[in-house]
Amino acid sequence: MLAFKLGSPPPPLPLPSLTQAKKCGRFGVFAGKCKTGAGTAGSDGGFPPFLPKEVEKIKDPFARSLAQRIERLPVKVGFSESCIMSSCVKPLIQSETNPVVLLHCFDSSCLEWRCTYPLLEEAGLEVWAIDVLGWGFSDLERLPPCDAASKRHHLYQLWNSYIKRPMILVGPSLGAAVAIDFAVNYPEAVEKLVLINASVYAEGTGALARLPRSVAYAGVYLLKSIPLRLYANILAFNGISLATSLDWTNVGRLHCLLPWWEDATINFMSSGGYNVIAQINQVKQKSLLICGECDQIVNYKQVVFANIMSHSTKLSLCNCTGLGYNCMFFASPTPSDQLTSNKVAGANMMQRLHCELQDAIMRLIPDCGHLPHVDKPSSVAKLIAEFSQGDCH
């Protein structure tokens, strides 16, 4: 196994040790000034002025620290007359290996990486955390189109302007669909893919794209509500307290408080969203799939273990690398099996995603929910670091 300390020494921030990183919410506060850029990020320990004032109420020290480093970079896109001031967290170091670029889930922000980002930097990696167009903290006062094609083009222009090297592109949940769509359309920009609890088999936003605007706005208003976001946190994480869940809810909905968030979200939903099913087998990059064992949103635990529990299930082998035992998958259950329809569907989804990718390996993280990069940051950081160095056995 590759040692986790890689390449350059850690950046000049007091960072948590890897042995601490079981749940980011359990760490103590770490202090220290963050490197800023062009006066747009926070200075003297403060927050950037473009963040909603509610950021001051967040208690999570990792969220507060990463929020202080968010800045906006001008990105010129063909579908807008002016540059889009695009929010991201820039790396403190430049490494010899290609940079790691972190995307986020549906309707989220770069703050999603608050726990894993410092560990990746501690490993000596050059790391970007980028807000996908339409979400996060970019300035969208002059609202651009926020459909999948525009998100892809915006990400390419940001990469072409600032990163300029093939990247290890990381996408969790719907961010995996963003990553696949980008990698297929701009293969020269992506060296490898990391897909975390990938949500890639939805056929776009479906009927939501045809909702009357008044109904759509009512639904979007509900989407940013505290009760709904709190419920999503309960589904996404295992074993966190109510106080932590409430605080993480405030972190997760902070970007929703920007004045253009409703319009940008409606624009995306009405455009049809992401449908990358036909693109999956076009991905040529080596890919790492990271799966949370206890994911209640994309249920990989059922996928892997459902048929193990059935003695009459026949085993079959897939011709790609897998869970450390030659990618052993489980064939369709016999009539005597008493598996639920959800378990059968999950197993089929697992086999389909893993085998449709041309060159993929998969790792399962035990006792982990839908967001391993928040729930188990040390495990995710270690896997990404090893995979970026070509040593993820």
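Bear in mind the structure is a predicted one, so any value in this text is a computation, not a measurement.

S.K.: Sorry if this is basic, but what is going on with the side chain of D131 here?
M.R.: Relative to the elements of secondary structure, D131 occurs in the loop between β4 (127-130) and α3 (148-163). R72 provides the closest opposite charge to the buried, unpaired D131, separated from it by 7.8 Å. Only 2.5 Å separates the side chain of D131 from the side chain of S87, close enough to count as a polar contact. A polar contact is formed between the side chain of D131 and the backbone nitrogen of C110, at a distance of 2.6 Å. The contacts of D131, once residues within four sequence positions are left out, are S87, H104, S109, C110, G136, F137 and H154.

S.K.: What should I look at first to understand the pattern of salt bridges in this one?
M.R.: Side-chain pairs of opposite charge can arise whenever the charged atoms involved come near each other. The final tally for this structure, using the stated rule, is 10 salt bridges. For the salt bridge of D181 with R152, the shortest nitrogen-to-oxygen distance reads 2.8 Å. Linking D181 in helix α4 (residues 174-185) with R152 in helix α3, this pair joins segments that are 29 residues apart in sequence. By relative accessible area, R152 is classed as partly exposed at 21%.

S.K.: It is not clear to me how the packing of aromatic side chains should be interpreted in this structure. Could you clarify?
M.R.: By convention here, two paired aromatic rings are described through the distance between centres and the angle between planes. The tally for this structure, following the rule as stated, stands at 8 aromatic pairs. Geometrically, the ring pair formed by Y156 and Y186 is stacked, given 4.2 Å between the ring centres and 15° between the ring planes. Placement of the pair is Y156 in helix α3 and Y186 in the loop between α4 and β6 (190-196), with a sequence separation of 30 residues. Exposure class is identical for Y156 and Y186. Each is buried.

S.K.: Just checking my understanding: could you explain the environment of L111 for this structure?
M.R.: By the secondary structure assignment, L111 is in the loop between β3 (100-102) and α2 (117-122). The exposure class of L111 is buried, given its relative accessible area of 1%. With sequence-adjacent residues up to four places away left out, L111 is seen in contact with A63, L66, A67, I70, F137, V251 and L254.

S.K.: Just checking my understanding: could you explain helix α8 (residues 261-271) for this structure?
M.R.: Because an α-helix completes one turn every 3.6 residues, residues spaced three or four positions apart along the sequence face the same direction. Of the positions making up α8, those classed as buried are W261, E262, A264, T265, I266, F268 and M269. In this structure, the buried residues of α8 make contact with α3, α4, α5 (213-223) and α6 (226-236). Just past α8, the residue G272 takes up positive phi, approximately 105°.

S.K.: Please explain the sheet that holds strand β7 (residues 286-292) as it appears in this structure.
M.R.: As a general point, the strands of a sheet are linked pairwise by backbone hydrogen bonds and lie either parallel or antiparallel. What the 8 strands build is an open sheet, ordered β1-β2-β4-β3-β5-β6-β7-β10; its pairing is mixed. Each having just a single partner strand, β1 (71-75) and β10 (360-365) make up the two edges of the open sheet. Going across the sheet, the axis of each strand differs from the next one's by a mean of 25°, ignoring polarity. Note: β3 against β4, 3 bridges, orientation parallel. Along β4, the bridge assignment pairs V100 with V127.

Calculation notes
Residues numbered from 1 in each chain as written. Predicted model: local features only at pLDDT ≥ 70, side-chain atom pairs only at ≥ 80, totals over all residues. Heavy atoms only, no water. Helix = DSSP H or I, 4+ residues; strand = E, 2+ residues; numbered from the N terminus. Buried < 20%, exposed > 50% of the residue type's maximum accessible area, 1.4 Å probe, protein only. Lys, Arg positive; Asp, Glu negative; His and termini not counted. Salt bridge = Lys/Arg side-chain N within 4 Å of Asp/Glu carboxyl O. Polar contact = N/O pair within 3.5 Å; in protein donor to acceptor, adjacent residues only side chain to side chain. Contact = heavy atoms within 4.5 Å. Phe/Tyr/Trp six-rings, centres within 6.5 Å; stacked < 30°, edge-to-face > 60°. Pairing = 2+ DSSP bridges. Axes fitted to C-alpha atoms, helices over the stretch in contact; angles between N-to-C directions.

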